[in-house]
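Tertiary structure, described
Given next are the chains, with one letter for each unit.
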Amino acid sequence: MSTTVESLSERSAAEVNDEIRALWLRSGGTLSVEQREEYRRLVLEWAAAPQSGEAA
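Note that the structure is a prediction, hence the values are computed from the model and not measured. (Residues numbered from 1 in each chain as written. Predicted model: local features only at pLDDT ≥ 70, side-chain atom pairs only at ≥ 80, totals over all residues. Heavy atoms only, no water.)

**With respect to the packing of helix α2 (residues 13-27) against helix α3 (residues 33-48)**
What counts, and what does not: Interaxial angle, 0 to 180 degrees, is taken between N-to-C directions of lines fitted to C-alpha atoms, where a helix line uses only the stretch in contact. Counting from the N terminus, the helices are DSSP H or I runs at least four residues long and the strands are E runs at least two residues long. Here roughly perpendicular refers to angles of 65 to 115 degrees, roughly parallel to angles under 35, roughly antiparallel to angles over 145, and oblique to all remaining angles. Each crossing is labelled by how the near helix is turned from the far one, with a counterclockwise turn of less than a right angle marking it left-handed and a clockwise turn marking it right-handed. The criterion used for residue contact is that any of the two residues' heavy atoms lie within 4.5 Å. When residues are sorted by character, Ala, Val, Leu, Ile, Met, Phe, Trp, Tyr, Cys and Pro go into the nonpolar class, Asp, Glu, Lys and Arg into the charged class, and all the rest, Gly among them, into the polar class.
At a closest axis distance of 9 Å, the pairing of α2 and α3 adopts a crossing angle of 160 degrees. Our classification of the angle between α2 and α3 gives roughly antiparallel. As α2 packs across α3, the resulting crossing turns out to be left-handed. Contacts between α2 and α3 involve A13, V16, N17, E19, I20, L23, W24, R26 and S27 on the former and, on the latter, Q35, E38, Y39, R41, L42, V43, E45 and W46. For the contact of α2 with α3, the per-class residue count stands at 9 nonpolar, 3 polar and 5 charged.

Encoded structure:
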């Protein structure tokens, strides 16, 4: 799991959203401390990612 700035722009918002959903499913709806950190990182990545339908 990389947290470099370069990795933040490589995936679309939809791809990151899929990973967020998978994290919640794996956790059963309750995140551990480690999972909360992963969730926080994913949300930041999602916010910075290109949205589908976004003009180039």
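Continuing now.
**Examining the pattern of salt bridges**
Going by this rule: Salt bridge, as applied in this entry: a Lys or Arg side-chain nitrogen positioned within 4 Å of an Asp or Glu carboxyl oxygen. The cut-offs for exposure are 20% and 50% of the maximum accessible area for each residue type, with area from a 1.4 Å probe on protein chains only; residues under the lower value are buried, those over the upper are exposed, and the others partly exposed.
Counted by the stated rule, this structure contains 5 salt bridges. Measuring nitrogen to oxygen at the nearest pair gives 3.8 Å for the salt bridge that ties E38 to R26. Note that E38 is positioned in helix α3 and R26 in helix α2, a separation of 12 residues in sequence. Residue E38 is classed as buried on the basis of its relative accessible area of 17%. Between E45 and R41 there is a salt bridge, with the nearest N and O atoms lying 3.3 Å from each other. Placement of the pair is E45 and R41 together in helix α3, with a separation of 4 residues, close to one helical turn. Take E45 and R41: they sit in the same class, and that class is buried.

**Structural notes on the packing of aromatic side chains**
For clarity, the cut-off: Note on ring pairs: Phe, Tyr and Trp rings are taken, using the six-membered ring of Trp, and paired if centres are within 6.5 Å. Classes follow the plane angle, with under 30 degrees stacked, over 60 edge-to-face and the rest tilted.
Using the criterion set out here, one finds 1 aromatic pair in the structure. With a centroid separation of 5.5 Å and 75 degrees between ring planes, the pair formed by W24 and Y39 is classed as edge-to-face. Residue W24 is located in helix α2, and its partner Y39 is located in helix α3; the two are separated by 15 residues in the primary sequence. You can call W24 partly exposed: its relative accessible area is 33%. On the basis of relative accessible area, Y39 is assigned to the partly exposed category, the value being 30%.

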